[in-house]
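The primary structure of each chain is shown beneath.
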Amino acid sequence: PLHLARVYFQPRLSLTIPLWNSWKLNAAWGIYKQFITESSALDDIGNYRYFWAICNNDDIPVLNATHYVGGISYHHKNLILNMEGFLKYTDGITRYIYFNLEDYSTIFQGDSKAYGLDLYVKGRLRKHEAWVSYTLSKTLEYFPYFTEGDYRVAPQDQRHEVKTALLLNFSPLFFTANYVY
């Protein structure tokens, strides 16, 4: 069985400061570990293949991420508005490189950074709820094999994302729908 033989600390802090009426400032910081990772393999013509792997701290390190979040929120009666900026650093990303034509393969360890803005609106009408959120973000990664020696846009970078949800409460029946674009 896999035994990592060490203790992993994952401290988290959050702070909420009431401003006036229904407004609040929010801030959070945390360190997160991930013990199962979706690694990538890159071939000599630029194709990526993704697979799940257990982090063993030998060839696949435990992922270590530090998150910073700050924002402002408004809560009043049946309405919630929230805007938060975020910055996330992750170390220990693995990528397998295999070039068949050159008979070359190796594992590289890299890191990433993601930053962006989340906007969220939630409303309630009687017992029913609906919400929509929008994320604007950018994800960059760095691996030692990059020839230009700087961060690149990561393959999983997704600049825009919109999520919607609807919950209809006709107790004892509930109907839900969601959509991610």
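One can find the structure itself at the top, above this paragraph.
Residues numbered from 1 in each chain as written. Predicted model: local features only at pLDDT ≥ 70, side-chain atom pairs only at ≥ 80, totals over all residues. Heavy atoms only, no water.

**Brief notes about the overall build of the protein chain**
Part 1 of the argument: What the protein chain contains, in helices and strands, is zero helices and 11 strands.
Part 2 of the argument: Against the 2.2 N^0.38 benchmark of 16 Å for 181 residues, the protein chain shows a C-alpha radius of gyration of 21 Å, more extended than a compact globule.
Part 3 of the argument: With the C-alpha coordinates aligned to their principal axes, the bounding extent of the protein chain is approximately 65 × 40 × 35 Å.
Part 4 of the argument: Residue burial in the protein chain is summarised as follows: out of 181 residues, 28% are buried.
Part 5 of the argument: A fraction of 52% describes how many contacts in the protein chain between residues 6 or more apart in sequence connect residues 24 or more apart.
Part 6 of the argument: Carbon and sulfur atoms make up 59% of the accessible area of the protein chain, which amounts to about 12200 Å² in all.
Part 7 of the argument: When the 17 positive and 17 negative side-chain charges of the protein chain are each reduced to one mean point, those points stand 17 Å apart. (Helix = DSSP H or I, 4+ residues; strand = E, 2+ residues; numbered from the N terminus. Rg over C-alpha atoms; globule rule 2.2 N^0.38 Å. Buried < 20%, exposed > 50% of the residue type's maximum accessible area, 1.4 Å probe, protein only. Contact = heavy atoms within 4.5 Å. Areas by Shrake-Rupley, 256 points an atom, 1.4 Å probe, with all protein chains shown as cover. Lys, Arg positive; Asp, Glu negative; His and termini not counted. Charge placed at Lys NZ, Arg CZ, Asp CG, Glu CD.)

**Some words on the pairing of strand S2 (residues 23-34)**
Part 1 of the argument: Two elements, strand S1 (residues 12-18) and S2, share seven bridges in a ladder whose sense is antiparallel. In the strand pairing of S2, leucine 13 is matched with tryptophan 29.
Part 2 of the argument: Taking the residues that link successive antiparallel strands as the turn, the S1-S2 hairpin has four residues, and the phi of asparagine 21 there is positive, at about 45°.
Part 3 of the argument: Here 12 bridges tie S2 to strand S5 (residues 63-76), and the two strands are oriented antiparallel to one another. Its bridge partner being in S5, alanine 27 is matched across the sheet by glycine 70. (Pairing = 2+ DSSP bridges.)

**Description of the layout of surface pockets**
Part 1 of the argument: Considering only enclosed or pocket space, the largest pocket measures out at about 770 Å³ in volume.
Part 2 of the argument: Thr90, Ile93, Ser112, Thr139 and Gln156 are the residues nearest the centre of the largest pocket, which is lined by 28 residues in total.
Part 3 of the argument: Taken together, the elements giving at least two residues each to the lining of the largest pocket come down to S2, strand S3 (36-43), strand S4 (48-54), S5, strand S6 (79-99), strand S7 (104-125) and strand S8 (128-142).
Part 4 of the argument: Class assignment of the residues belonging to the lining of the largest pocket gives a composition of eight nonpolar, 13 polar and seven charged. (1 Å grid on protein atoms, 1.4 Å probe; cavity = no way out; pocket = protein on both sides within 12 Å on 5 of 7 lines; lining within 4 Å. Points joined across faces, edges and corners; volume = space filled by probe spheres on them. Nonpolar A, V, L, I, M, F, W, Y, C, P; charged D, E, K, R; others polar.)

**Details of the pattern of salt bridges**
Part 1 of the argument: This model, assessed by the stated rule, comprises six salt bridges.
Part 2 of the argument: A salt bridge links glutamate 141 to arginine 95; the nearest nitrogen and oxygen atoms lie 3.0 Å apart. Placement of the pair is glutamate 141 in strand S8 and arginine 95 in strand S6, with a sequence separation of 46 residues.
Part 3 of the argument: Where glutamate 161 meets lysine 163, a salt bridge forms, and the shortest distance between an N and an O atom there is 2.9 Å. (Salt bridge = Lys/Arg side-chain N within 4 Å of Asp/Glu carboxyl O.)

**Observations regarding a nonpolar patch on the surface**
Part 1 of the argument: A cluster of nonpolar side chains, namely Leu15, Ile17, Leu19, Trp20 and Leu25, defines an oily patch on the protein surface of about 460 Å² accessible area.
Part 2 of the argument: Relative to the helices and strands, leucine 25 is located in strand S2.
Part 3 of the argument: Residue leucine 25 is classed as partly exposed on the basis of its relative accessible area, which comes to 36%. (Patch = residues over 30% accessible without salt bridge, like charges linked within 9 Å, V, L, I, M, F, W, Y side chains within 5 Å.)

**So, the packing of aromatic side chains**
Part 1 of the argument: What the rule picks out here adds up to 12 aromatic pairs.
Part 2 of the argument: Centre to centre, the rings of phenylalanine 108 and tyrosine 145 are 5.1 Å apart; their planes meet at 50°, and the pair counts as tilted. Pair noted here: phenylalanine 108 is in strand S7 and tyrosine 145 is in the loop between S8 and strand S9 (152-153), with a separation of 37 residues, a long-range link.
Part 3 of the argument: Linked through ring pairs, Phe108, Tyr142, Phe143, Tyr145, Phe146 and Tyr151 together constitute an aromatic cluster.
Part 4 of the argument: For the cation-ring pair, arginine 152 lies above phenylalanine 146, with the distance from its terminal atom to the ring centre recorded as 3.9 Å. (Phe/Tyr/Trp six-rings, centres within 6.5 Å; stacked < 30°, edge-to-face > 60°. Lys NZ or Arg CZ within 6 Å of the ring centre and 35° of its normal.)

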